[in-house]
Every structure is written in structure tokens, then in C-alpha cells.
Amino acid sequence: MFDYRIESTEGSARAGTFTTPHGEVPTPAFMPVGTQGTVKGLIPEEVAALGARMVLANTYHLYLRPGHELVRTLGGLHAFMRWDGPILTDSGGFQVFSLAGIREVRDDGVVFKSHLDGSAHTFTPESVMDVQRALGADVVMAFDECAPGGAGRTHAQEANERTLRWLARCRARFLEIEREDGAAGAQALFPVLQGNVFDDLRREHAHAVGGMGDWPGYGIGGLSVGESKDDMWRVLEVLDSELPVGRPRYLMGVGYPGDLLEAVARGCDLFDCVAPTRNARHGTAWTTEEGQVNLKVARFRDDTRPIDPGCDCYACARYDRAYVRHLVVAGEWLAVRLVSIHNLRFLVRLAQEARTRIAGGTFETWRNDWLERYRSAEGYDSTATLHANEGEPR
Ligand SMILES: [Zn+2]
């Protein structure tokens, strides 16, 4: 279980298949985010119809509401949300550091205040393993300290050291739970690599994590938190040379279409981002020829083309921009659903196309052409880019 088979490569880009207890995930793959146990506005059959194989859910949110023990009692997250494909849960660390209120970071864990009612809670490496076991995702993430974007070297180094100590405790608890419930192999534990934009810290941390043993996959954290794109690409290149080839690499919280292609080119396999559904709620869609467009603008008033003429999603097959714009402007729920379906399909399909191109040896040429076209249109109507994954609270 949790085997990762690489089928073809082109440069650092890889096409492979990740096997989980709930099915196979062809990579590169984009994972829609189901923050609260639902990909906002879509039923699981619609998510599957987009071609998505694996979805993500947020430990922090589900721990606070409805509570992991209730989810366990109701059969675990797969049964609870009626999704029988693979699921990945994050550790809650990112939300605690970015979303929760006043907090205290101690060596034993993090004390935080719920964003729902202000109640005080503590996450420790052990408790986060327990919560993720109760939720029952296929892939669970280690509890890490994500130093904020722009953090200085000392802060980043301290966060790395703490993340490493917490990782050892996560694994000890993970193995202990496996012995207790006798279900070894039901879940895979991925460590989270930190180190901000400091190449030597990134290298050091990747070494130290690798030195702790063989991991079934790696989470790359601490990126898309406000650093420059150049920093992000350079860090990915550093990690590409440090990480074992035959394990999936999950770039956490990335990304936008262009970012996804750049990261695939640098050896990343799995992606997640709340932008497709969050942008949909703002009436913002991605298109192949025109980049990111705001569907509210007047020029779409009588535009009879689909959102993206090159797209094969339900929304593009059925409706024109004039109608979708009307729904967006009128604040109709269907607008959010249609644009969510389109944006999610756009990213899922982009990852699928990357996979096909890698297999055919034409990824690099295709990527350059695609990015050139997309970027030359970027800015043409594009609204401010919303950054990073704070877990989409509302
Ligand atoms: Zn579409």
C-alpha cells in the first residue's frame, strides 16, 4: 500500500501513480479542497465527474466542528461525507498558525483559540495524530510549525528544529495507534518540509527528515505564504535534488494554474488550493486564452461563448458567459456552483494534461507555450490574486 510508481519523466517532471487504500491517484494531480468535509457547493459525484481522484479535508475545522470523535462514530470521514476515493487531511498546523486567535507555541504543542467561539484548545503532535486517525483519511500530515512568510533566518531555523522534534513524536504516536487498533497500513504519514526561503535550511531539514527513515511521501510546506515566485521555484529546485525520487511530493497550498505547471516542472506531484472555489465565490474564472477573468465585467453582458471555449466541463458545455455573468451579478447560488465546477475542472485537467505531455515527452514545450499564452493575457481584467490556504473559513 502507498506505493508510488513513476511511469515517465521529462527533466524533473514526473508522471506516476500513487496507490492508496481507496484507489489509485495518477499524478501530477490536483486535489480539490473539502475544508469542512465538503468541496463547497458540489456533491461527491460532481467532484468525481471533474476527474478528481483525491480530495483534501482540514483537520482544524473538523476537529472544532462537528468533532473528530463524532466523525469516527459515524464511520469515519469517507462514510460521513460519502466520498469513497482517497482523502488527505492536513495536520491543522497551518490553520492554527494562520487562522486561530491568540496562541502560545510551546515545545509540547500549540495553544489556540477557536475562530468559532473563542474556546481554548491545544494541539500536540500526538493529539493531531489521534484526530487524524479518528477522521480516517488515507494520507495524514505531520504536525509542523510553519514560520510565516518573511520570517527571519533565526525564526525559520527554530521552526525547523521544532518541526523535527514534533515529527519524531508524530511518528511514535502514529506507530503506537497502528499497534493499538491493529490496522497497520490503513494510513500513510507524510512529514512536512519547512525552512522558508533559505536554501541551506531547506537542505538541512530535508536531510534530517530523510535521516529519520523511509517516508511514504513528503509534504512541502512553508511556500505560497507571501514569498516571491523566484524564491518558491528555487526552493523547489533545491528540494528536487534532495528528496528521494520514488516518493510522491505534495506541494501544500499551491496553486494557481501557472504555479502548478512551474511546480510540476520542478518535480512536484500533488497539489491543493482553495482558490478554485474561493475565486468562484467572487465570480473569477480561469481561461486558457484570457488568463484569469472577472465574470462581472460589462464586456461579458452579451458574450455567447462559454467561460472557456477550450474547456470540457459541465458549465462550459451548457452555458454562455452572458448567462453566467447574469447569475454572478444577481448573486445567484448557481453562479458559484457553475464557476466552481469550471475552475476545479480547469486545474484537474491542467494536471492531467501535464501527465499526458510528460508521458509523450512534450511537457516542456507545451508548458512554455501554455504559460506564455496564459501570462500574456494575465492582468487583462484579472482581480487581485488571493494567496495561500488559510482553509477557507467562510
Ligand atoms: Zn469549464
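Just above, that's the structure.
Given the structure is predicted, the values throughout are model-derived calculations rather than measurements.

Student: Just checking my understanding: could you explain the coordination of the zinc ion for this structure?
Tutor: Under perfect tetrahedral coordination by four donors, a metal shows angles of 109.5 degrees; under perfect octahedral coordination by six donors, it shows angles of 90 or 180 degrees. Surrounding the zinc ion are the protein donor atoms Cys311 (SG), Cys313 (SG), Cys316 (SG) and His342 (ND1), which sit 2.2 to 2.3 Å from the metal. Coordination at the zinc ion is tetrahedral: its 4 donor atoms span angles of 98 to 124° at the metal.

Student: Help me understand the pattern of salt bridges in this model?
Tutor: Opposite charge on two side chains lets them pair, provided their charged atoms get close. With the rule as written, the count across this model stands at 36 salt bridges. Across the pair Glu104 and Arg106 runs a salt bridge whose closest N-O atoms are separated by 3.8 Å. Taking the relative accessible area as the measure of exposure, Arg106 reaches 31% and is therefore partly exposed. Measuring nitrogen to oxygen at the nearest pair gives 2.8 Å for the salt bridge that ties Arg321 to Glu290. In this pair, Arg321 is assigned in helix 13 (residues 321-330) and Glu290 in the loop between strand 16 (284-287) and strand 17 (291-294), connecting sequence segments 31 residues apart. The exposure classification of Arg321 matches that of Glu290, with both residues buried. Each member of the salt-bridge network shares a partner with another, and the members are Glu237, Glu262, Arg266, Glu364, Arg367 and Arg375.

Student: Would you mind going over the packing of helix 10 (residues 257-265) against helix 14 (residues 333-360) with me for this structure?
Tutor: Two quantities define a packed helix pair, namely the angle between the helix axes and the distance between the axes. Packing of helix 10 against helix 14 brings their axes to within 10 Å, and their N-to-C directions diverge by 25°. Compared by their axis directions, helix 10 and helix 14 come out roughly parallel. The element helix 10 and its partner helix 14 pack so that their crossing is right-handed. On helix 14, the residues touching Pro257, Leu260, Leu261 and Val264 of helix 10 are Phe346, Leu347, Leu350, Ala351, Ala354 and Ile358.

Student: How should I be thinking about the packing of aromatic side chains in this particular structure?
Tutor: Describing an aromatic ring pair means giving the distance of the ring centres and the angle of the ring planes. A full pass over the atoms with the stated rule returns 14 aromatic pairs. Centroid distance Trp286 to Phe346: 6.3 Å. Interplanar angle 40°. Geometry classified as tilted. Taken together, the residues Trp286 in strand 16 and Phe346 in helix 14 connect sequence positions 60 residues apart. Comparing Trp286 with Phe346, the two get one shared label, buried. Centre to centre, the rings of Phe363 and Trp366 are 6.1 Å apart; their planes meet at 50°, and the pair counts as tilted. In this pair, Phe363 and Trp366 are both assigned in helix 15 (residues 363-377), 3 residues apart and thus about one turn of the helix distant.

Student: What exactly am I supposed to notice about helix 8 (residues 199-211) here?
Tutor: What sets the pattern is the α-helix's 3.6 residues per turn: residues three or four places apart point alike. For helix 8, spanning 13 residues, the distance from its first C-alpha to its last is 18 Å, which sits close to the expected 18 Å at 1.5 Å a residue. Among the residues making up helix 8, those that are buried are Leu201, Arg202, His205, Ala206 and Val209. Within helix 8, the buried residues cover an arc of 130° as seen down the axis, which keeps them to one side. Across from the buried face of helix 8, at angles greater than 90 degrees, the exposed residues are His207 and Gly211. One or two residues past the end of helix 8 sits Gly213, with phi positive at roughly 135°.

Student: Could you clarify how one ought to interpret helix 13 in this entry?
Tutor: All buried positions along helix 13 are accounted for by Arg321, Ala322, Val324, Arg325, Leu327 and Val328. Summarising the contacts, the buried residues of helix 13 are in contact with strand 16 and helix 14. Backbone geometry just downstream of helix 13 places Gly331 in the positive-phi region, at approximately 70°.

Student: Honestly, the nonpolar core in this entry has me stumped. Any pointers?
Tutor: One broad trend across soluble globular proteins is that nonpolar side chains are buried collectively. Residues Ile220, Leu236, Leu251, Leu260, Leu261, Leu295 and Phe363 are the most contacted members of the largest nonpolar core, which totals 95 residues. The next biggest cluster of nonpolar side chains, apart from the first, holds 19 residues, and it includes Phe2, Ala188, Phe190 and Tyr250.

Student: Sorry if this is basic, but what is going on with the side chain of Glu10 here?
Tutor: Positionally, Glu10 belongs in strand 1 (residues 4-10). Buried and unpaired, Glu10 has no salt bridge, with Arg367 as the nearest side chain of opposite charge at 8.0 Å. A distance of 3.2 Å separates a polar side-chain atom of Glu10 from the backbone nitrogen of Thr362. Engagement of the side chain of Glu10 in a polar contact is seen with the backbone nitrogen of Phe363, the distance being 2.7 Å. Look past the residues within four positions of Glu10 in its chain and what remains in contact with it is Arg357, Ile358, Gly361, Thr362, Phe363 and Glu364.

Student: Any chance you could explain the pairing of strand 8 (residues 110-113) here in plain terms?
Tutor: Walk down a regular strand and you will see the side chains alternate between the two sheet faces. Taken together, the 2 bridges between strand 7 (residues 104-105) and strand 8 define a ladder with antiparallel strand orientation. If you follow Glu104 over to strand 8, its bridge partner there is Val111. Counting the residues between successive antiparallel strands, the hairpin from strand 7 to strand 8 contains 4 residues. Pairing of strand 8 with strand 9 (residues 120-123), which is carried by 4 bridges, proceeds in the antiparallel orientation. Bridging from a neighbouring strand, Lys113 pairs with Ala120 of strand 9. In this structure, the hairpin formed by strand 8 and strand 9 is closed by a connection of 6 residues, where Gly118 is found at a positive phi of approximately 80°.

Student: Looking at this structure, I do not really get the sheet that holds strand 3 (residues 23-27). What am I missing?
Tutor: A sheet is described by the order of its strands in space; here 3 strands give the open sequence 1-2-3, paired in antiparallel fashion. Single-partner strands in this sheet number two, and they are strand 1 and strand 3. Put simply, the sheet's adjacent strands are angled 10° from each other on average, direction ignored. Summarising the sheet, strand 1 and strand 2 (residues 13-20) pair through 6 bridges and their orientation is antiparallel. Bridging across to strand 2, Arg5 finds its partner in Thr17.

Scoring rules and cut-offs
- Within every chain, residues take consecutive numbers counted from 1 along the sequence as written.
- Local features in a predicted model are, by the rule used here, given only for residues with pLDDT of at least 70; side-chain atom pairs are given and counted only at 80 or more, and totals for whole chains, interfaces and linings are based on all residues.
- Derived side-chain values reflect all non-hydrogen atoms in the structure, with water molecules and hydrogen atoms excluded from consideration.
- Nitrogen, oxygen and sulfur within 2.8 Å of a metal are treated as its donors, or within 3.2 Å for sodium, potassium and calcium (Na, K, Ca); water is not counted, so a site can appear incomplete.
- By the criteria applied here, four donors are tetrahedral when all angles lie between 85 and 135 degrees, four are square planar and six octahedral when opposite donors are over 155 degrees apart and every other angle lies between 65 and 115, and any other arrangement is irregular.
- The working definition used for a salt bridge is a side-chain nitrogen of Lys or Arg within 4 Å of a carboxyl oxygen of Asp or Glu.
- Using a 1.4 Å probe on the protein chains alone, a residue whose accessible area is under 20% of its type maximum counts as buried, one over 50% counts as exposed, and one in between counts as partly exposed.
- In DSSP terms, a helix is any run of H or I states spanning at least four residues, a strand is any run of E spanning at least two, and both are numbered starting from the N terminus.
- Structural elements are reduced to axes, namely lines fitted to C-alpha atoms, with helices fitted over the stretch in contact, and the angle between N-to-C directions of any two is expressed from 0 to 180 degrees.
- We call two directions roughly parallel when the angle between them is under 35 degrees, roughly antiparallel when it is over 145, roughly perpendicular when it lies between 65 and 115, and oblique otherwise.
- Crossings are sorted by hand: turned counterclockwise from the far helix by less than a right angle, the near helix makes the crossing left-handed, and turned clockwise it makes it right-handed.
- Residue contacts are defined here by distance: any two heavy atoms, one from each residue, within 4.5 Å place the two residues in contact.
- Pairing of aromatic rings covers Phe, Tyr and Trp, the last through its six-membered ring, and needs centres within 6.5 Å; plane angles under 30 degrees mean stacked, over 60 mean edge-to-face, and all others mean tilted.
- Take the residue count of a helix, subtract one, and multiply by 1.5 Å to get its expected span.
- This arc is taken over the directions from the axis of the helix to the C-beta atoms.
- Joining through side-chain atoms within 4.5 Å is the link that ties buried Ala, Val, Leu, Ile, Met, Phe, Trp, Tyr and Cys residues into a set, and such a set is a nonpolar core.
- Counting rule applied: Lys, Arg positive; Asp, Glu negative; His and chain ends not counted.
- Nitrogen and oxygen atoms within 3.5 Å of one another constitute a polar contact, given that in protein one can donate a hydrogen and the other can accept it, and given that sequence-neighbouring residues count only through two side-chain atoms.
- By this definition, two strands are paired if DSSP reports at least two bridges between them.

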